[in-house]
Amino acid sequence: MSYKVFICYDPNDEEISTDISSLLELNDIKTWIKSRDYSEDSTVFDITNAIRDSQCLVLVYSEDAKKSNYVTTEIDIAFSSNIPILIFRIDDATIEGKLGFYLKDKPTIVATENPKEKFSNLIVDVKNILNNVEPKDENLDDSPIIPTDNHVFICYDDEDEELANAICHNLEENRIKCWIKNRDLSVNDTIFNVKEHLESSQAVVLIHSANSAKSNYVNTDIDIAMENNIPIVLYRIDKYTLASKLKEYVGANRLDAYPDVNSELENLVRTTSEILKNPVKKPIVKKIPKAEQKPIEKTPEKPEDDNDRGGFLNKKVIAAIIIVIIVAAVGVFALGMGNSGNDDSGEVKFVVGSSKNSSSDNNDNSDVKFDANNSKQAPSGVKITKYNMHDLRNNSKYSWNYSYFAYGTLGNDIIGNDNYMVNTTFYDSNGKVIDSSKNDIKSLEKVGSNYLLGDCFINNNNVKKIVVTVTDNNNVVAQDEYKI
């Protein structure tokens, strides 16, 4: 893939470099940046090709960049490939030595006092460089888009992801900066990072459907937006009834886009831009193809009544829950009476999702109990699909040397059970536990098509096995292991 601009920087300057990348892309200038585009499967050849395929290299220059061998190598590749170089200086580091040779007489933007104040200069200079490389479109609006920290948070359920992406694209075509989870949430982000992006947004665009109405994540986002008085623009894509509390909060910012999801796109752009106090007079919209309009879940329209207040349960539901709890308590008591005196008679005969048929690997002193008399078939199981290891020895920001992240898939019935816990244990070559993490189902982060099942932060790079166990009240319902 051809990139217009390669962002060259030291990892200590990643934050401002990411801002520059986002800014350029908001101005329709495609960038390559290591923090996003360098994956676990990438090699140094991918970086070399990205530089050679680009039409400009923007160097974020600082004391850290000056000392970085990687930065020097990337500048060397650009120089030898005749790629134009634009320097964006963010401190008073001198340019000398080998870099002095490469960067002599290169255009420089001095942004040592407040780099963000020089962003407009950066856009203009990059466009000037690119216009010497490719023909200029006379109909193109060359005025730079200089966003503040303002952005719109796209809130949706994963089942409506393709539609959410298309809506995000339409908003950004009209110069409305968006934050959307499946693109902007990185591997190292947590639910707290998502909350920060939501709380700092100027508006929330909610893709409302039967799917989103039932989503714990979406309902949590809505609650946070309401608590922070953030305007919500509701884009309703099916007839599933709105909760009274949400309907009251949204007010006139409600767009009923069914049965045709394209019918309210222009109004969505207008409404959102007016909230941001930067109204768009003639919205540019691209119709969403049917391929991206997933079939909506056929759920009967939920009746609205005075008891419906979003997260609050009505009296009938509460009564039903109480009955279930009483029945469950009686069953547990009876089971306990029937098993009294049989301390060690149970042996695990099958653990769903694991390659083992016994509990021989359970040598750590965890509080997970393998009880055959009380075990049950896993709804769909757990599967570890991959892991990431980050070497942080050269990064002074962290007090540990290595971090491991385990990713995997979970069955729908497991995801839907809020009582389940996910226990992730990391073992060394001797089978000893190095570290472990424990999360409830609701707190798991979705990263692409996988969930972040667990992580560990250690000083020695000796993880050899990862075991993920899903439990219900300490009874194992699913398990999988991954050998490194």
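Note: the structure precedes this text.
None of the values given here were measured: they were computed from a predicted structure.

Let's shift gears to the sheet that holds strand 12 (residues 402-410). On the basis of which strands lie adjacent, the open sheet formed by four strands has the order 11-12-16-15 and antiparallel pairing. At either margin of the open sheet sits one strand with a lone partner, and together these are strand 11 (382-391) and strand 15 (445-447). Here the average twist between neighbouring strands, direction ignored, is 40 degrees. Note: strand 12 against strand 16 (residues 450-458), seven bridges, orientation antiparallel. Residue Y404 lies in a different strand from strand 16, and its bridge partner there is C456.

This next bit is on the packing of aromatic side chains. Throughout the structure, instances matching the rule amount to eight aromatic pairs. When the centroid spacing of 5.7 Å and the interplanar angle of 55 degrees are considered together, the rings of F101 and Y102 count as tilted. Relative accessible area serves as the criterion here: at 56%, F101 is assigned to the exposed category. Between Y387 and Y404, the ring centres sit 6.0 Å apart and the planes meet at 20 degrees, which makes this aromatic pair stacked. On the criterion of sequence distance, the pair formed by Y387 in strand 11 and Y404 in strand 12 is long-range, its members being 17 residues apart. Given the relative accessible area of 24%, Y387 is considered partly exposed. Here a set of aromatic residues connected by ring pairs shows up, and it is made of F79, F101 and Y102. Sitting over the ring of Y407, K386 keeps its end group 5.3 Å from the ring centre.

Look at the link from Y258 to P259: it is a cis peptide, with omega at 5 degrees. Note on placement: P259 falls in the loop between strand 10 (254-256) and helix 14 (265-275). A positive phi angle is found at D105, which is not glycine, with a value near 65 degrees. With respect to the secondary-structure elements, D105 resides in the loop between helix 6 (97-103) and strand 5 (108-110).

Counting through the fold element by element, N450 comes out in strand 16. At 3.0 Å, the side chain of N450 forms a polar contact with the side chain of T385.

This brings us to the packing of helix 10 (residues 191-199) against helix 12 (residues 216-227). With their axes 10 Å apart at the nearest point, helix 10 and helix 12 run at an angle of 45 degrees to one another. As summarised for this structure, helix 10 and helix 12 are arranged oblique, according to the angle between their axes. When the axes of helix 10 and helix 12 are compared, the crossing they make is right-handed. Contacts between helix 10 and helix 12 involve K195, L198 and E199 on the former and, on the latter, D221, I224 and A225.

Thresholds, definitions, all that
Residues numbered from 1 in each chain as written. Predicted model: local features only at pLDDT ≥ 70, side-chain atom pairs only at ≥ 80, totals over all residues. Heavy atoms only, no water. Pairing = 2+ DSSP bridges. Helix = DSSP H or I, 4+ residues; strand = E, 2+ residues; numbered from the N terminus. Axes fitted to C-alpha atoms, helices over the stretch in contact; angles between N-to-C directions. Phe/Tyr/Trp six-rings, centres within 6.5 Å; stacked < 30°, edge-to-face > 60°. Buried < 20%, exposed > 50% of the residue type's maximum accessible area, 1.4 Å probe, protein only. Lys NZ or Arg CZ within 6 Å of the ring centre and 35° of its normal. Polar contact = N/O pair within 3.5 Å; in protein donor to acceptor, adjacent residues only side chain to side chain. Parallel < 35°, antiparallel > 145°, perpendicular 65-115°, else oblique. Left-handed = near helix turned anticlockwise from the far one by under 90°. Contact = heavy atoms within 4.5 Å.

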